[in-house]
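These are the residues of each chain, in order.
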Amino acid sequence: MGTIFYIGVFSALVSILGTLIGATLGVMLKNPSKRLMGSILGAATGIMISIIFLELIPEAIEYNGFLKTLLVILIGISLILIIDVLSRRAGKNNDSHLKVAILMGLAMMIHNFPEGLVMGFGFLKESNLGIKMAALISIHDVPEGLAVATPLVVSGMKPRKILTYAFWVAFPTMIGAWLGIIIGSISKVVLGTSIAFASGVMIYVVFGQMLPESNSLTDSFTTSITTILGIIIGFIMLNIL
């Protein structure tokens with residue numbers, strides 16, 4: 001039981017480290033211009049697009065097949081769409097920057113849970129595999145932390161609150177790692193479903209919130225260029241790291 005606890009804590013610290021590094025980069029920018037923040041958000045959006053379509057969705061299809069993956073993705077998109085519509089009708093989160101951060105944070109929390117499952121399974125099979133997977137996940141979490149922090153910086157939130165928010169976004173990784181160890185073996189169906197659902201949520205956040213938000217902070221040409229650059233960076237990350 002002690003081993004399970006320490007693996008969970010280690011997994012959480014690794015994920016939190018990557019997320020907080022990304023969030024810190026966003027916080028360190030003092031009084032950034034809207035153009036700069038829009039460019040950073042555009043690049044983070046591009047990286048997320050690469051992660052979704054080049055890593056998460058193919059992995060989900062491998063586990064569950066095309067049709068089931070598509071169905072779960074649509075469920076994820078529908079759920080976050082409903083949440084977004086209800087928040088607008090309730091008149092909450094009128095600050096568009098804050099809403100982007102909240103939706104992005106929700107997507108990341110859902111995404112981090114299966115990451116923890118994968119990490120825990122890696123440790124269960126072989127300690128070196130678990131450590132390697134933890135390192136890769138931490139690196140992948142850097143742009144995610146940046147993507148969460150950027151709209152919060154624009155909204156004027158204090159750095160301490162931003163870092164606290166980033167911490168809780170990364171926290172589900174620890175829960176996932178614990179469950180991965182306790183269960184003993186991960187059901188490919190459950191894992192693939194979790195990844196597909198997270199992909200659906202992230203697709204809506206990226207195309208329905210992050211891209212429009214980036215475009216509102218800078219011009220459409222800059223948003224296009226930085227997003228393309230982010231996609232290329234994400235592609236390199238996924239194939240080299």
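Treat the numbers as computed from the prediction; the structure is a model and nothing was measured.

Definitions and limits used
Residue numbers run consecutively from 1 along every chain, following the written order of its sequence. Residue-level local features of this predicted model are given only where pLDDT is at least 70; pairs of side-chain atoms are given and counted only at 80 or more, and the full residue set underlies all totals for whole chains, interfaces and linings. Heavy atoms from the whole structure form the basis of all side-chain values; hydrogens and water molecules are not counted. A run of H or I in DSSP counts as a helix once it spans at least four residues, and a run of E counts as a strand once it spans at least two, with each numbered from the N terminus. N or O atoms within 3.5 Å of each other form a polar contact, as long as, within protein, one can give a hydrogen and the other can take it, and as long as residues adjacent in sequence are counted only when both atoms are side-chain atoms. Pairs were defined over the aromatic rings of Phe, Tyr and Trp, the Trp ring being its six-membered one, requiring ring centres within 6.5 Å. Orientation was assigned from the angle between planes: stacked under 30 degrees, edge-to-face over 60, tilted for the rest. Between buried and exposed lies partly exposed: a residue is buried under 20% and exposed over 50% of the maximum accessible area for its type, with that area taken using a 1.4 Å probe on protein chains only. Note on definitions: salt bridges are taken to be side-chain nitrogens of Lys or Arg within 4 Å of carboxyl oxygens of Asp or Glu. Here the expected length of a helix is defined as 1.5 Å per residue gap, with one fewer gap than residues. Across the chain, bend at a residue is computed as the angle between axes fitted to the seven residues ending at that point and the seven starting from it. Nine residue types can take part in a nonpolar core, namely buried Ala, Val, Leu, Ile, Met, Phe, Trp, Tyr and Cys, and a core is a set of them joined through side-chain atoms within 4.5 Å. What makes a patch is a set of residues exposed beyond 30% relative accessible area and free of salt bridges, joined within 9 Å when like-charged and within 5 Å when nonpolar (Val, Leu, Ile, Met, Phe, Trp, Tyr). Accessible areas in this description were obtained via Shrake-Rupley with a 1.4 Å probe; residue shielding takes into account the shown protein chains only. Lines fitted to the C-alpha atoms define the axes, with helices restricted to the stretch that makes contact. Angles between their N-to-C directions range from 0 to 180 degrees. We call two directions roughly parallel when the angle between them is under 35 degrees, roughly antiparallel when it is over 145, roughly perpendicular when it lies between 65 and 115, and oblique otherwise. Each crossing gets its hand from how the near helix is turned against the far one by less than a right angle, where anticlockwise is left-handed and clockwise is right-handed. By definition, residues are in contact when any of their heavy atoms lie within 4.5 Å. The nonpolar class holds Ala, Val, Leu, Ile, Met, Phe, Trp, Tyr, Cys and Pro. Asp, Glu, Lys and Arg form the charged class, and all remaining residues, Gly among them, are polar.

Its place among the elements puts Thr222 in helix H9 (residues 220-240). There is a polar contact of 3.1 Å between the side chain of Thr222 and the side chain of Arg35.

This part is about the packing of aromatic side chains. In this structure the tally under the stated criterion is two aromatic pairs. Aromatic side chains Phe53 and Phe207 sit 6.4 Å apart centroid to centroid with 65° between the ring planes, which places their arrangement in the edge-to-face category. Residue Phe53 is located in helix H2 (residues 34-64), and its partner Phe207 is located in helix H8 (residues 188-217); the two are separated by 154 residues in the primary sequence. Under the relative-accessibility criterion, Phe53 is labelled partly exposed at 38%. Judged by relative accessible area, Phe207 falls into the partly exposed class, the value being 40%. Here the aromatic rings of Phe167 and Trp168 are separated by 5.2 Å at their centres, their planes lie at 80°, and the arrangement is edge-to-face. Classification of Trp168 by relative accessible area gives partly exposed; the value is 47%.

Another point: the pattern of salt bridges. One pass over the full model with this rule turns up one salt bridge. Across the pair Arg35 and Asp219 runs a salt bridge, and its minimum N-O distance is 2.8 Å. Taken together, the residues span a long stretch of sequence, with Arg35 in helix H2 and Asp219 in the loop between H8 and H9 at a distance of 184 residues.

With 31 residues, H2 extends 42 Å between its outermost C-alpha atoms, agreeing within 8% with the 45 Å of an ideal straight helix rising 1.5 Å per residue. Along H2, the sharpest kink reaches roughly 35°, centred on Ile52. Gly65 occupies a position one or two residues after H2 and carries a positive phi of about 85°.

For soluble globular proteins, nonpolar side chains are generally found buried alongside one another. Of all hydrophobic cores here, the largest spans 39 residues; its most connected members are Met108, Met202, Val205 and Met210. Elements with a contribution of two residues or more to this core: helix H1 (2-28), H2, helix H3 (66-89), helix H4 (96-125), helix H5 (127-155), helix H6 (159-170) and H8.

Taken together, the side chains of Phe53, Leu54, Phe207, Ile228, Ile232, Phe235, Ile236 and Ile240 make up a nonpolar region of the molecular surface, amounting to roughly 770 Å² of accessible area. Those elements giving two or more residues to the nonpolar patch turn out to be H2 and H9. With respect to the helices and strands, Ile232 occurs in helix H9.

Glancing now at the packing of H8 against H9. Interaxial distance between H8 and H9 falls to 7 Å at its minimum, and their mutual angle equals 130°. The angle between the axes of H8 and H9 places the two elements in the oblique class. Note on packing geometry: the crossing formed by H8 with H9 is right-handed. Touching Leu211, Ser214 and Asn215 of H8 are Ser220, Thr223 and Thr227, all from H9. Tallied by class, the residues present in the contact of H8 with H9 amount to one nonpolar, five polar and no charged.

Turning next to the side chain of Thr69. Within the fold, Thr69 resides in helix H3. Polar side-chain contacts of Thr69 include one of 3.2 Å to the backbone oxygen of Ala60.

Residue placement: Val201 occurs in helix H8. Expressed as a C-alpha distance, the spacing of Val201 and Ala107, which sit 94 residues apart in the sequence, is 5.6 Å. Contacts of Val201, omitting those with residues within four sequence positions, involve Gly76, Ile77, Ile80, Ala107 and Ile110.

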